[in-house]
Amino acid sequence: MEFSAQQISGILGGQIEGNPDVKISKLSKIEQGEPGSISFLANPLYTQYIYTTTASIVIISKDFVLTAPVTATLIRVDNAGNAFAKLLEMYNQVKLNKSGISPQAYISPKATVGSNIYAGEFAVISDSAQIGNNVKIYPQVYVGENVTVGDNTTLFAGVKIYSDCVIGKDCIIHSGTVIGSDGFRFAPENEEGNRKIPQIGNVIIEDDVEIGANCAIDRATLGSTILRKGVKFDNLIHIAHNVEVGENSYLAACNVVAGSTKIGKNCMFSGQVGIVGHLNIADNTIITAQSGISKSITKKGEVYMGSPAFDANKYRKAYIHFRNLDALAQRVDKLEKQGKG
Amino acid sequence: MEFSAQQISGILGGQIEGNPDVKISKLSKIEQGEPGSISFLANPLYTQYIYTTTASIVIISKDFVLTAPVTATLIRVDNAGNAFAKLLEMYNQVKLNKSGISPQAYISPKATVGSNIYAGEFAVISDSAQIGNNVKIYPQVYVGENVTVGDNTTLFAGVKIYSDCVIGKDCIIHSGTVIGSDGFRFAPENEEGNRKIPQIGNVIIEDDVEIGANCAIDRATLGSTILRKGVKFDNLIHIAHNVEVGENSYLAACNVVAGSTKIGKNCMFSGQVGIVGHLNIADNTIITAQSGISKSITKKGEVYMGSPAFDANKYRKAYIHFRNLDALAQRVDKLEKQGKG
Amino acid sequence: MEFSAQQISGILGGQIEGNPDVKISKLSKIEQGEPGSISFLANPLYTQYIYTTTASIVIISKDFVLTAPVTATLIRVDNAGNAFAKLLEMYNQVKLNKSGISPQAYISPKATVGSNIYAGEFAVISDSAQIGNNVKIYPQVYVGENVTVGDNTTLFAGVKIYSDCVIGKDCIIHSGTVIGSDGFRFAPENEEGNRKIPQIGNVIIEDDVEIGANCAIDRATLGSTILRKGVKFDNLIHIAHNVEVGENSYLAACNVVAGSTKIGKNCMFSGQVGIVGHLNIADNTIITAQSGISKSITKKGEVYMGSPAFDANKYRKAYIHFRNLDALAQRVDKLEKQGKG
């Protein structure tokens, strides 16, 4: 795919400075630009590169004032970052626009499949599964019995979805992620020894959810484990049985949420956060990396840090003293000696 | 599948109050009950729901005294929780009762396969593998060369088992879990640069073990990495080469156990616990979430907390002071000023 | 495979003491040796076992002085550990020496495939992929479009590699690992709600890299996420978009490295370490288990501990005081009372 500055400017509604006929076939960072690539300048810290880049085209803000000559053709737009994001998206759509059902896929005759789907090699769509329109199922995906997958959703290679789970529309699930595995619940008091409590609920993933690679989201014991609309997960996240994650909450890599905890809307958790079971976490809660939440959070919009976590500002203050505990202890030593002197 | 209150009461050995002919086809929580579902009341906190639930049948204790009328048919039993668990198990058994070998599975002619097994699409059973009776191998599972899988074991979709590993009877291994990958051992001192130490041992998983989704259990360098009878693992757990986990120990999500450590019996580790290599952990040890164990634990039945971890009660006490370190430091400031005054 | 002491001694350039015709077919630890196995003695802590082992052959140092009779045939070499490692490697090579393309593998007619490769059942090699010579692709591996895999590399069962990624020569990637999944980047300020930033970069893995099981290595937004030559990863590691890991750095299990961070050469990170995004970590940095790095590290060869981490020795000293905080607080109480007295 090759595009001219003229064509791209047309798509973005921009204005060209330089050669409108120069052509590009890929996208690059401005500091790594090369002939035949298009880049952009939005972050002031990168301003210097506009004068040295060898990218053929650079998207730049309408009101950016050049202080030296540039070799790239410029396309001036209102917001260079947004304009470049639009190009990225177009590029991605073209690249990921797969369709057709591989003869090596297995689709149960008892499954229902929408129009214009992609099903790659060695994918399995089980009995009673219901697959919407424009769904992309990459190779080696497993869609269990009675699973529903909404329109326009993409399941990358090797995703595994256990029976009875429900995936919404416009979702993206990355490779290796497992949805609907059994919750970790046992009844140790049973006279026959530790006995598994059967996990017969499911997982419900609402629309517009993205889940990273190699996550594990357990089904509910009864009822549903739920990820609400717009939830975004990074990689390697564990969600236990009967958890609910509220709308538009973002969980970074290696988060662990124990059973039956309810997380509010618009939360943001950094990497390696752990949350104990049976808690309620208020909307807009922010949790810093590696923190552990052991109590419910009722006030919205607070920031937590530590393990067990408390108010992040207080934690940071306490931690400064922790770093200097040796000095503090010596001061107490000295005071004691003075007292005795 | 539809069952009447009469039939279910017969199975559970209970007594009916209400319409014995009412039918149900699913199981629900009492607070989410709906017509056509059966629920139970065991937790006193949920007592209120017995009067409002729309579940068609509720299992309840023999000695529970109603204080208002109910619409559901009641089945009275000795222990409502156990009775419901029994129903769950029956439901699960019916649901998971898969059998037959898919024509799209690959079973080596050199493998040995028991009776009544299930082998799903695109599963691989390699040369010299030995699969017991009633084993369920879901789609896209990989059973390497010379692997043994005991009777009644279930391997969910996409489990990968490297060569020479041994899986016991009545085990359940969830999707994405990898068993028998190489241990992380290198000989950095070698003149040819960092060199891999070949990992030629195996993993032995004894009977009645359950392993969650996306775990990684490395093979031993020599000898065996061992999970003893009754061990239960949550999701995303890492077990390094030559580790041994004792009987009936429970590890929650995202535990990390480094090489050659031996964990005793009946231990319970919360989420995100890390354990250094070459340690011994006594029987009945409890470790709280996110703790890090850096030394062997010799006394049985203790509770550990912190990173590095020590006695949990002492940790909690120290942590209270940590939260107030700023105040403590100010008190020392004041004492110093008084001393100078 | 059976070998005599004579044959093995010839391979290792050693000297035999005892029966040169005794045969072995497997390798064992000296403390677990059994007839028909070969073992070695290198660690002085295991010296006692030379006199009790039932291994048929033991490799031992040239200058080791026996203080009692032994039953095993000895092979004396300069360095028993290295000699045994050499045997392990030979054993491993024979065992893993798979070749041939399964009729159940899918190889796109548009892919390029080198000589002497192994491609197992239900493996997928997509359009425009380029596979080098002697590459081993185990069952159920997914190699996306336009992926390059260098000579002699092994991809174990179920590895998933997204389009456009580049894997070097002599690499080993273990089961379940995902390479090239989308980075976790969203543009929350967008008027259309939280919007995904397309991730159109790739992952570049240089030569001689080993990656454990169930890792997740995200592709770059633009440009490349890079693992340099000789990098070694344990299991369940998360590497975010645009990260670079320097030559010969070792990351233990469950490390998390956030976006755009650059890690130097020869670093060693213990398990469960987390590193914030956009940092630079100097060469030869050592980080202890469960530590969290929140600032760039500029000085080479330092050891860090804690979350947030600082100098490990200082951390250990502070932590000793933390363990005794209750006592320190009581001492301050006492001083205050004395002041008032």
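Calculation rules
- Residues numbered from 1 in each chain as written.
- Chains lettered and ligands numbered in written order.
- Predicted model: local features only at pLDDT ≥ 70, side-chain atom pairs only at ≥ 80, totals over all residues.
- Heavy atoms only, no water.
- Helix = DSSP H or I, 4+ residues; strand = E, 2+ residues; numbered from the N terminus.
- Rg over C-alpha atoms; globule rule 2.2 N^0.38 Å.
- Buried < 20%, exposed > 50% of the residue type's maximum accessible area, 1.4 Å probe, protein only.
- Contact = heavy atoms within 4.5 Å.
- Lys, Arg positive; Asp, Glu negative; His and termini not counted.
- Charge placed at Lys NZ, Arg CZ, Asp CG, Glu CD.
- Least-squares fit on C-alpha atoms with pLDDT ≥ 70 in both.
- Salt bridge = Lys/Arg side-chain N within 4 Å of Asp/Glu carboxyl O.
- Domains from an automatic or database assignment.
- Arc of directions from axis to C-beta.
- Phe/Tyr/Trp six-rings, centres within 6.5 Å; stacked < 30°, edge-to-face > 60°.

**A look at the overall build of chain A**
- For chain A, the helix and strand inventory stands at four helices and 40 strands.
- Its C-alpha atoms give chain A a radius of gyration of 26 Å, more than 25% over the compact-globule value 20 Å for 341 residues.
- Taken along its principal axes, the extent of the C-alpha atoms in chain A is 80 × 80 × 30 Å.
- Expressed as a percentage of the 341 residues in chain A, the buried residues total 56%.
- Intrachain contacts of chain A at a sequence separation of at least 6 include 18% that bridge at least 24 residues.
- Averaging the positions of the 32 positive and the 32 negative side-chain charges in chain A gives two centres separated by 6 Å.

**Let's talk about the relation of the copies chain A and chain B**
- When chain A is fitted to chain B, the residual RMSD is 0.1 Å, and the transformation amounts to a turn of 120° plus an axial shift of 0.0 Å. Here the copies are linked by what is in effect a three-fold axis.

**Comments concerning the pattern of salt bridges**
- Enumeration over the complete set of coordinates arrives at 48 salt bridges over all chains.
- One salt bridge in this structure joins B:Glu34 and B:Lys26, with 3.3 Å as the shortest N-O distance.
- Each of A:Glu206, A:Arg228, A:Glu244 and A:Lys262 takes part in salt bridges that share partners, so that together they form one network.

**Some points on the domain arrangement of chain A**
- In terms of domain boundaries, chain A breaks down into domain 1 (3-95) and domain 2 (100-316).
- The C-alpha-based centres of domain 1 of chain A and domain 2 of chain A are spaced at 38 Å.

**Focus on helix H1 (residues 5-12) of chain C**
Residue and element names in this part refer to chain C.
- Turning to H1, its buried residues number three or more, namely Ala-5, Ile-8, Ser-9 and Leu-12. Relative to the axis of H1, the buried residues are bounded by an arc of 100° and lie together on one face.
- Gly-13 sits one or two positions beyond H1 and adopts a positive phi of about 65°.

**Side note on the packing of aromatic side chains**
- Enumeration according to the criterion identifies 48 aromatic pairs over all chains in this entry.
- Aromatic side chains B:Tyr118 and B:Tyr138 sit 5.2 Å apart centroid to centroid with 85° between the ring planes, which places their arrangement in the edge-to-face category. Of this pair, B:Tyr118 sits in strand S11 (residues 118-119) while B:Tyr138 sits in the loop between strand S14 (136-137) and strand S15 (142-143), and the two are 20 residues apart along the sequence.
- According to the relative accessible area criterion, B:Tyr118 is buried, its value standing at 8%.
- Ring centres 5.3 Å apart and planes at 65° place the aromatic pair B:Phe122 and C:Phe122 in the edge-to-face group. Highlighted residues: B:Phe122 in the loop between S11 and strand S12 (124-125) and C:Phe122 in the loop between strand S11 (118-119) and strand S12 (124-125), drawn from two different chains.
- Its relative accessible area of 3% is what places B:Phe122 among the buried residues.

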